[in-house]
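Summary of the model geometry
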Amino acid sequence: MITERDISINFPPYGGLCYTDKQLGMEFKTKFVIYCQNWLDEGDRTVPDPVEDSRYKEPLTFKFSYRERGLTSRPHVFYEVTGTNVHTPEVMFRTGLAEEDHYIDLYVEVADSSGATNYTTLSIKVIPSREFVSKVYDDDSYARFEAEKDVSALLLINMGVIDRLDEMRENVVSHVSAHADWVETPSQVELMSDILKEATQKPDELSVTSKKEAVHVYRTLLGSLDSIFNESSDSVTQQRVAKGLCESFIDLMLSNKFNSSCETDCESKKTLAASTQSVFESREPLVKMLLKGSVAGEKATVITSTNGDLSYKVQRTMASRLSNSSSGLGSEKQAVVFPDMTAALLSAGAASVDVEVMESSKLQVDDADSIQTRTTSVTLYNHGNEIDISQLSDAISIFVYPTSDLTTNTIDIAENYTGDPFYFKIALERADVVVALQFKPEDAQNASFAYFISYDSIPTNQSNEINGTLPLEDEAGEQWALSFSVASFSSYSEVEKGQDVNPSVYIGIIPLHDTNETSSVLSVTIFSAGCQYYDANSKTWKHDGLKIGKRTDVTKVECLTSHLTSFGASFFVPPNTIDFKTVFAKFANLADNAAVFSTIIVVIVLYLLVIFFVRRADKKDVEKWSVVPLRDNLLSDVYHYQVTVFTGMRRNAGTKSRVYLVLGGEQGDTEIRSLEDEKKRTPDRGSVNSYVLSVPQSLGSLLFLRIWHDNSGKGVDSDWYLNMVVVKDIQTDIKYVFLCDRWLAVDKDDGLIERFIPVSTNEELASFGHIFAFKSRQDLTDGHLWFSVLSRPTWSPFTRVQRLSCCLSLLFTTMVANAMWYGTTPSQGTQDVHLGPFTFSPQELTTSLMMSLIVVPINLLIVTLFRKASPKPPKRSKSSDDLDKPTKAGHLSKMWSSGGIFTVEPVHMEKQHTPKVVRDAPKAKKSCCVWPYWVIYVAWFLVALSIAAPAFFTVLYSFEWGADKSSRWLTSFVLSFVESVLLVQPAKVLAVAMVLALIFKKVEIEEAPPGELQGEIIQHSQPVKGNYSSYAAAMKPAHRRPYVEKPPDFSSVSSAREYRKKQNRMIEIIKDIGSYVFYLVIVAIICYENRDEKSFHTVANIRNMMVKDIHLVGTSHIKGLEGVSSFEEFWAWSVDRLVPALYLKTTFNGDNVTNNERSFLGNHVHYRVGPPRLRQARALEDSCTPHSPLNRLITTCIAEYGWTNYDDRSYNVSWTPLNTSIVNNLGEPWHYQGVSKLNGIPLAGYFATYGGGGYVAVLGNDDKTATNMLMDLKENRWLDRQTRAVILEANVYNPYVNLFCAISLVLEFPPTGSVIGYAHVSPLRLYRYVGPSALFMVVTDLIFVAFTMYFIVRLVQQMKLRGRKYLQDFWNVIEFLNVTAAILCCAFYGMHFVITSLTLSDFQGHPGEFVNFQRIVLWDDVFTCMQGFLLFVAMLKLLRLIRFNTKITQLSTTLKRSIGPIVNFLIIFSLVFVAFTQFAYLVFGPLSSEYYSFVTSMETLFSMLLMKVNVEEVIMANSILGPLFLFTFVLVVVFILINMLLSILNEVFTGVRLDARCCPDDPQMAEFMYSELKRIIGLSPASHGVKKKAKVVAETKKVPVERWLAAENDLDRFSPEPLEGDDYWMSLPPNSTDLYYQKSTKAHLYDI
């Protein structure tokens, strides 16, 4: 049978042209129109005929698109029209790329009815204008396009705007959303798709409103796709448009995904996510377009999101072939396996089926967090209509995958093996889950194990649910994996299945192999998972009707289902467990794993040691916080105030000086009162001291406080930083606060030691600064459990011992909680949750919550019990009636009833009766929430339990882990715990204090709680001189006198101030020198670490291998690089010296090298990093012209190599012209490669500077390849007359000394005909942080950065303060250079680190290719030079710190004064020296290498100044002028000019020594420091700074008592003499009428 067919050929349109009305325009301003005319097509005719075709014109389809010139992306289609002679409407374009001169390429596709196409390309130049871009929406043209509904023009403008300005992304989305309903043609849909794809490339930059508008555009487009793209539309176009829409929408959908940890605008985001999901659910038209024109079995369409989080696949297949088939995403991920579904599909009328598979993180909007895996969604379509699949008889297998790699634990089953199994206990969340285990033995070839599994009981080989051996006989290759379901166990009863129980599974493993010969180390991964599906109707995840398949393992979960939807799984990683059967046996090997055990023992021992010191501090706290009467209170003082003095927390804030005060009120002032009690407490740093100040009568409302000290402390102990004073009227319970927050010191603040403080107003007390400082201090000493041990808050019943015990309990409970989940949380690949600046995974969140549930409740309970427990009831030795008995004389009792009120009993006099005075107080407030005292015993029991149990279980966990994992856990725990205690918790305290200060604006000043300080405050009775019977005969302190407002004598204060200033100056100098020496040491360490002593020997070894000549026995030798003098010698050197040096052929014993050893150099030491290469620099041919008459003889002239004279053309072999018709390998050595491709830098040689490009020949990774390459280059004359330089580049690494070396062996062939060979071998240390010193170097670098930041801040402050005058001082310039050099060092090190990392990563990614280290060498050289300059400047600055030394001052002054004479001298010297240099260059230059250039002549003459004279070479150059030149130069320059310079310096120095004004900045400082040193070591008594005692006045000045106030100014109240014992009190005889006093050293009052 013969079949005959007629075949006709359809020819594309022809003969026409397309053009634009303008060739140049302004972006978004100029309107372009594109015309297409006179296009012909043959139509139904067999051949094109221009005459016939022009007579009967067929309608053609014209599709217009554009693209910026220089881009390779798909052009944007903006207009499509059918006709003969057509044109576009007016359109406006964006500008082109600047590097392409702003050209836009226009493409016109002309197609006939059969699809044959012809293409035409046009070009226009569009000038940029950013102003027009930003105002394009306000332009009249845009408004006209909107009025005309010219969608193509509008979309084209928006496409250009989004390409030009990212910041207008939201404006573009808003405008295209408004025009989405106008889209009518496929080209408009395609352009809209391109716009949306560009707009959603950075979805995080779009607001919620813009995202809603974008979703609206997609909803509108999806609803109109069927009407726009009909059945006759081009299938290729439909697939392209659908794929673009799908890609952009998937990215938008992922960015709109709702996160349950949302912080702001959550409802809007949740609504947006739900709206996006609903649009995606109506994607049937999109699926239909994606498979338009596809046939069953054709390649699938696969779409992956930009971030890789979602994979989408759709494919058409025959219904009959779907049964028992699988579909997946990529080669590694299987998504679904279908059963026999032919009958179900055919009943639905589906002969072919479209299978859609999507795998991603959870996208559904719900409030459940039960899905911890990625989700897999499977849908079947029949030509765009979804097929309902449900109630299948056979289950469909759906595979879901975890979000990350699971944690693996390593165990050694044979360790302490006694024959009993090693057990795992797995606690599960529910029963309908599968448990999967993956084992990975260390010796998989020889190891074998038996396993036993039971539910809720420990299995044995006789009693178990499941048993077997490992490895399994699995054909699929999963021989070390187990999976099982708890619900299938026979022991799991039906009753339990209906209950919400948490089952447990036990797995026992025993080794079957010989544990002495085969390793029993197993890596075990365990997890449990339960399948769930998404119910679209209820919008929830359910798990009914699902089963877990047998193919579940640690990499995937198989879910068996009878319907299709989205599927996921809940993952549960069980905590670490302990095998109690074997763990105790591991105590025998305690020495091998003692890190955790030793740490716990050490912590407990330290606790027991510290607790003694803490208990002593608790006892001192009781004394420190007690309210004690002032020592100068009198028996007649019946009105009482509680004075509480708060000393600041600043450094050296406390004082040992005696403090005095005067309290003033509306009804009078107190006398001068001394803050001294019987316990002699001093206001130490951070202390809160309370006193009872008694006065004869009420002062009324207090108005002011005058407080000072006598500056009697030694050194820094004389200064005092007073925070505030709180005075409480005990009778009325009214408080007065006096805020100070200033120094009382002669050398700080304003230098005053007296402060007048008015009572603080409510506004001052509510200020942010006061509240924040007070609250921070209060919370740090109470809220921070660890800090409060060192600084227990005032009046707190929570003792230091209790706090320390709570700290230990917290530490141990945190340790055991951390150990329970250590290593169970995956570290990467998880679906992270973002909460502000914090990022965490759901697994980490769950783990942290579980740890908190263990740690927080028990510790919170213990702390609460300690805080709320009432004080221990005091033992009362007397009955309550005894308290009513009269007290003896001088007895002042304070009964701390609930209000803390004083009851004053009078003194019972013998001759005169004084009525009883009792001042009642307001009733006290009752204490709230105080628990019985016995709860403190409960707290101590919980402390002991929370320490012993966690410590025990932590040790057991460490035995389960082994030594390596235990050490890693201990290190990570200690670091995280220290970070929490020192950084996180203090920051939390400060943040809370700031919030409270801003919100509440009030703080409560702590007082002694009611009943807390029971007992009496007793004023000790004083010695009585003689008998007296009235108040007049009482004892009175000498200093207690009225205050007189008159300036005191400041002579002693001034001398003390001067002494303290000198002391501070000395301390500042010592600190500056010490800190700067430390900084200098840090800089020296960093600089010296970058240079290794072994560098020289490494470089010398490489030079000996390749560069130096090898001298053999006799006169023969093998030439090195320096001996090469011709091309032939170069090739001989390459084969004889270079190849054996670069490639290792045999070992030391003559054996053949292995593959791993082939990368070593011939010395068996250095490792070759990548293959070596040869690079040639060539000059252009005929780059110069011979002059007449030799131009007739010389036909070729090749000039020197230069930036304008280098060859960059490509050639064929042997430098023949390149035949463009032959495809050549651009990597061959005959093709020029530019600097960008070679990643090179210019190389400075003797005769020229050679660029980074050139002709490159890679020698390969073995000696045979290298030899063959060299022979091939030699045979084809790779070196010729145009060759100007050949550079061998190689990189080596010496692992023994951690040194890289970048080798550049250079041979220059200058036009003079000689050959110059030399080597650049640059040692590099690229791995700095390795070895034992790694941590030390990291710390050193961080210290240097901290110093640099400190210097920067100080420099900026000084320059801001002094302005331009700052740089007028020489030492300030040195400081500026030091800071600048430090900053540049940090910057250069950063660049060096980045380039090094990029280069090494490039080598690791391409190990067989050459890696250029030249950029690293450049930055290393720059970094090293900057380090040298920094160290030089830093050493020079050290002179500034010792400027008080006389010799240093004389030296600097000499240099400063000699500047003028030296400048004059240098003018003369320069003229003479340049004259000699010119003479030497002109006379000796052509004949001597030392004078061949002017620069080398200057270098030679400078070396002659150091008496390094090469006489022979000068004499050989000119036997007459040479000696004469040398004699004259030495005479004039060396003997005359140099001595003249020395004379100038000597004369200036002599004048400086005789000038009395040339003294150091602080001439007495050196003497003062020396005297202080002698005083400290005891060589001389202290004389400076000690207050000179006032001389005793011999005569007695008799002054009436009425003039006591006037005479008060004679007393030096700043330096009152210490009064002790009897001297503290003075007697006043009762019958005296004329009282006088005598001022003496003890200031007694006598009866005259």
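Figured I'd write up the structure that's included with this text. The model shown is predicted, which means the values in this text are computed figures rather than measured ones.

**Notes on the pattern of salt bridges**
Within the structure shown, the criterion is met by 31 salt bridges. In this structure, D354 engages R316 in a salt bridge whose closest nitrogen and oxygen atoms are separated by 2.7 Å. Here R316 lies in strand 10 (residues 310–318) and D354 lies in strand 13 (residues 352–360), a separation of 38 residues in the sequence. Taking the relative accessible area as the measure of exposure, D354 reaches 1% and is therefore buried. Judged by its relative accessible area of 10%, R316 falls in the buried class. Here the salt bridges share partners, and the residues they tie into one network are R74, E190, D194 and R240.

**Brief notes about the state of the cysteines**
Taken as a whole, this structure holds two disulfides when the rule is applied. In this model, C18 is linked to C36 through a disulfide, with the two sulfur atoms separated by 2.1 Å. Its torsion about the S-S bond being 115 degrees, the disulfide of C18 and C36 is classed as right-handed. One end of the pair, C18, is in strand 1 (residues 17–20); the other, C36, is in strand 3 (residues 34–37), with 18 residues separating them in the sequence. Judged on exposure class, the residue C18 and its partner C36 are both buried. Disulfide pairing is shown between C531 and C559; the S-S distance is 2.0 Å. Across the disulfide from C531 to C559, rotation about the S-S bond amounts to roughly -90 degrees, and the bridge is consequently left-handed. Taken together, the residues span a long stretch of sequence, with C531 in strand 24 (residues 521–535) and C559 in strand 27 (residues 557–561) at a distance of 28 residues. Across the pair, C559 and C531 agree in class, each one buried.

**Here we look at helix 27 (residues 1334–1362)**
With 29 residues, helix 27 extends 42 Å from end C-alpha to end C-alpha; this agrees with the ideal 42 Å at 1.5 Å per step. Taken as a whole, helix 27 has its buried residues at A1334, M1337, T1340, D1341, F1344, F1347, T1348, F1351 and L1355. Looking at the residues trailing helix 27, positive phi occurs at G1363, about 70 degrees.

**Here we look at a nonpolar patch on the surface**
Nonpolar side chains collect at one region of the surface, where I601, V602, V605, L606, L609 and V610 lie side by side and expose about 480 Å² of accessible area between them. With a relative accessible area of 47%, L606 lands in the partly exposed category.

**Structural notes on the environment of V1107**
Looking at the element boundaries, V1107 is found in the loop between helix 23 (1094–1106) and strand 44 (1110–1111). Between the alpha carbons of V1107 and V1124 there is a distance of 9.6 Å; along the sequence they are 17 residues apart. Excluding residues that lie within four positions of it along the chain, V1107 makes contacts with I1102, G1120, L1121, E1122, R1137, L1305 and A1319.

**Observations regarding the packing of aromatic side chains**
Summed over all chains, the structure comprises 54 aromatic pairs. Pairing F1300 with F1413 gives two aromatic rings, centres 5.9 Å apart and planes at 55 degrees, and the pair type is tilted. In this pair, F1300 sits in strand 53 (residues 1299–1308) while F1413 sits in the loop between helix 28 (1370–1405) and helix 29 (1414–1441), placing the two residues 113 residues apart along the sequence. Assessed through its relative accessible area of 4%, F1300 is described here as buried.

**A word on the pairing of strand 36 (residues 720–729)**
A regular strand places its side chains on the two faces of the sheet in alternate fashion. The buried fraction of strand 36 amounts to 10 of the 10 residues, a majority that puts the element mostly inside the structure. As paired elements, strand 30 (residues 639–647) and strand 36 share seven bridges and run antiparallel to each other. Paired with Q642 across the bridge in strand 36 is K728. What sits between strand 36 and strand 37 (residues 734–744) in their antiparallel hairpin is a turn of four residues, with D733 showing a positive phi close to 60 degrees.

**Some details on the packing of helix 27 against helix 28**
For any two helices packed against each other, one specifies the crossing angle of their axes together with the interaxial distance. The geometry of helix 27 relative to helix 28 is characterised by a closest axis approach of 10 Å and an angle of 140 degrees between their N-to-C directions. The orientation of helix 27 with respect to helix 28, classified from their angle, is oblique. Viewed along their axes, helix 27 and helix 28 form a crossing whose handedness is left-handed. On helix 28, the residues that touch F1344, T1348, F1351, I1352, R1354, L1355, M1359 and R1362 of helix 27 are N1372, E1375, F1376, N1378, V1379, A1382, I1383, C1385 and C1386. Residue composition of the contact of helix 27 with helix 28, grouped by class: 11 nonpolar, three polar and three charged.

**Some words on the sheet that holds strand 20 (residues 449–455)**
Spatial ordering of the open sheet is given by 18-23-20-21, a layout of four strands whose pairing is antiparallel. Each having just a single partner strand, strand 18 (422–427) and strand 21 (466–470) make up the two edges of the open sheet. Neighbour-to-neighbour, the strand axes of this sheet turn through a mean angle of 20 degrees, independent of strand direction. Where strand 18 meets strand 23 (residues 504–511), six bridges bridge the pair, whose relative direction is antiparallel. Along strand 23, the bridge assignment pairs Y423 with G508.

**Examining the pairing of strand 20**
Where burial is concerned, most of strand 20 is hidden: seven out of the seven residues are buried. Here strand 20 pairs with strand 21 via five bridges, running antiparallel. Among the inter-strand pairings, F449 is bridged to a residue of strand 21, identified as L470. Pairing of strand 20 with strand 23, which is carried by seven bridges, proceeds in the antiparallel orientation. Within the sheet, the bridge partner assigned to F452 lies in strand 23 and is G508.

**Side note on the side chain of T301**
Topologically, T301 is positioned in strand 9 (residues 301–304). The class of T301 is buried, set by a relative accessible area of 18%. Excluding anything up to four places from it in sequence, T301 contacts L290, Y312, K313 and V314.

Conventions adopted
- Numbering of residues begins from 1 in every chain and follows the order in which that chain's sequence is written.
- Local features in this predicted model are restricted to residues whose pLDDT is 70 or higher, and side-chain atom pairs enter the listing and the counts only when it is 80 or higher, whereas totals over whole chains, interfaces and linings include all residues.
- To get the side-chain values, take all heavy atoms of the structure and skip hydrogens and water.
- Definition used for salt bridges: Asp or Glu carboxyl oxygen within 4 Å of a side-chain nitrogen of Lys or Arg.
- Per the convention used, a helix needs a DSSP run of H or I reaching at least four residues, while a strand needs a run of E reaching at least two, with both numbered from the N terminus.
- Type-normalised accessible area, obtained with a 1.4 Å probe on protein chains alone, sets the label of each residue: buried when under 20%, exposed when over 50%, and partly exposed for intermediate values.
- What counts as a disulfide here is a pair of cysteine sulfur atoms lying within 2.5 Å.
- An expected span of 1.5 Å times one less than the residue number is assigned to each helix.
- To count toward a patch, a residue needs a relative accessible area over 30% and no salt bridge; like charges are then connected within 9 Å, while nonpolar side chains (Val, Leu, Ile, Met, Phe, Trp, Tyr) are connected within 5 Å.
- Under the convention used here, a 1.4 Å probe and the Shrake-Rupley method define accessible areas, while residue burial counts only the protein chains that appear.
- Residue contacts follow a heavy-atom distance rule, with two residues in contact if any of their heavy atoms lie within 4.5 Å.
- Put simply, two rings from Phe, Tyr or Trp (the six-membered ring, in Trp's case) pair if the centres are within 6.5 Å, and we call them stacked under 30 degrees between planes, edge-to-face over 60, tilted for the rest.
- Strands are labelled as partners when DSSP assigns at least two bridges between them.
- Throughout, an axis means a line fitted to C-alpha atoms (over the contacting stretch in the case of helices), and angles, computed between N-to-C directions, take values from 0 to 180 degrees.
- When describing relative orientation, an angle under 35 degrees is termed roughly parallel and one over 145 degrees roughly antiparallel, while 65 to 115 degrees is termed roughly perpendicular and anything else oblique.
- Should the near helix be turned anticlockwise from the far one by less than a right angle, the crossing is termed left-handed; should it be turned clockwise, right-handed.
- When residues are sorted by character, Ala, Val, Leu, Ile, Met, Phe, Trp, Tyr, Cys and Pro go into the nonpolar class, Asp, Glu, Lys and Arg into the charged class, and all the rest, Gly among them, into the polar class.

Distances and angles like these do not, on their own, reveal function.
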